[in-house]
Amino acid sequence: MASKMDIGNQVLGLLGVTEMIADLDNPTNDAEKQLNLWWDDCVKEILEQHDWKFARAGVALASTTAPTSEYDYAYQLPVDCLVARYLWDVDAEQRITDTEYEVSGQTICTSLEEAYLIYTKNLTVIGKYPPYFVKALRFLLASYMAPKFGDRSSKSGEMLELYEKALARAIEIDCSQNNYPDTGDDSWLSAGGYASSDDDDEWLAEW
């Protein structure tokens, strides 16, 4: 399992930089400082691009704030919510369209009394990133870090191209994971692709 330091040194290898990353808690060289500078933004940028299965979560929204004139209810988004993907109408047993809710800051407004949110987590545990995600992350980091290393600044465009290809491939692989058979059950669980993972069981148990 690759660590942040491992990935950073792989990025430097892509850029042909001989400087190595040895201490990210007390960064002293440009490589260490650049990796710390771009890491969080790059991870979030890729997570936002797709409804990744490994970063997907679901929750029953309960904490309400003052509703707007257009919607009957306003719910606080989970603290780890990076992207709200869709709401599920438990009574109608179907997704509701994005014209039936609105995300504003950390609040989601809807006319659903019982709202269930499917979202992408701001997942920071590197050990949960699959290899295809890490590959795209390396190239994106390299595209941002390259200009700091002088004559390697031209590498930025090359790395960005490789990132876009790696991202497309990563999304393709992720979409092919855990294909759920048509059981005839049109519940929001089956439609959302929730079956038997430990993480799913944890939040299902809260209902």
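Residues numbered from 1 in each chain as written. Predicted model: local features only at pLDDT ≥ 70, side-chain atom pairs only at ≥ 80, totals over all residues. Heavy atoms only, no water.

A. Highlighting the overall build of the protein. The helix and strand inventory of the protein stands at six helices and eight strands. Shown N-terminal to C-terminal, the secondary structure of the protein runs as helices and strands in the order α-α-β-β-β-β-β-β-β-β-α-α-α-α. Every one of the 207 residues in the protein was classed for burial, and the buried ones make up 41%. Here the contacts in the protein between residues at least 6 apart in sequence split such that 72% fall between residues at least 24 apart. (Helix = DSSP H or I, 4+ residues; strand = E, 2+ residues; numbered from the N terminus. Buried < 20%, exposed > 50% of the residue type's maximum accessible area, 1.4 Å probe, protein only. Contact = heavy atoms within 4.5 Å.)

B. Quick look at the sheet that holds strand 8 (residues 115-121). Spatial strand order, 1-8-4-5: four strands in an open sheet with antiparallel pairing. Both edges of this open sheet fall to strand 1 (56-61) and strand 5 (94-96), since each of them pairs with a single strand only. Looking at each pair of strands side by side, their axes are set apart by 40° on average, direction ignored. Sheet topology note: the strand 4 (residues 81-89)/strand 8 ladder contains seven bridges and is antiparallel. Residue pairing in the sheet places Leu87 in a bridge with Leu117 of strand 8. (Pairing = 2+ DSSP bridges. Axes fitted to C-alpha atoms, helices over the stretch in contact; angles between N-to-C directions.)

C. Highlighting the environment of Ser176. Positionally, Ser176 belongs in helix 4 (residues 155-176). The class of Ser176 is partly exposed, set by a relative accessible area of 41%. Here the side chain of Ser176 touches Ile173 through a polar contact of 2.7 Å, landing on its backbone oxygen. (Polar contact = N/O pair within 3.5 Å; in protein donor to acceptor, adjacent residues only side chain to side chain.)

D. Highlighting the confidence of the model for the protein. Across the protein, the average pLDDT comes to 83, with 82% of residues at or above 70. Throughout residues 179-207 the model reports pLDDT below 50, and contacts reaching past four residues in sequence, or to other chains, amount to 36 contacts. (pLDDT = per-residue confidence, 0-100.)

E. Structural context of the packing of aromatic side chains. Taken as a whole, this structure holds eight aromatic pairs when the rule is applied. When the ring of Trp52 is compared with that of Phe133, the centres are 5.5 Å apart and the planes differ by 90°; the resulting orientation is edge-to-face. Of this pair, Trp52 sits in the loop between helix 2 (30-48) and strand 1 while Phe133 sits in helix 3 (residues 131-145), and the two are 81 residues apart along the sequence. For Trp52, a relative accessible area of 0% puts it in the buried group. Relative accessible area serves as the criterion here: at 0%, Phe133 is assigned to the buried category. Cluster of aromatic residues (ring-pair linked, three or more members): Trp52, Phe54, Tyr129, Tyr132 and Phe133. (Phe/Tyr/Trp six-rings, centres within 6.5 Å; stacked < 30°, edge-to-face > 60°.)

F. Structural view of the nonpolar core. Residues Leu15, Ile46, Trp52, Phe54 and Leu141 are the most contacted members of the largest nonpolar core, which totals 37 residues. Looking at this core, the element that brings in the most residues is helix 3, giving ten residues. Beyond its immediate chain neighbours, meaning those up to four positions away, Leu141 contacts Ile7, Val11, Leu35, Trp38, Trp39 and Cys42. Ranked by size, the runner-up nonpolar core spans 17 residues in total, among them Leu77, Leu87, Leu112 and Leu117. (Core = buried A, V, L, I, M, F, W, Y, C linked by side-chain atoms within 4.5 Å.)

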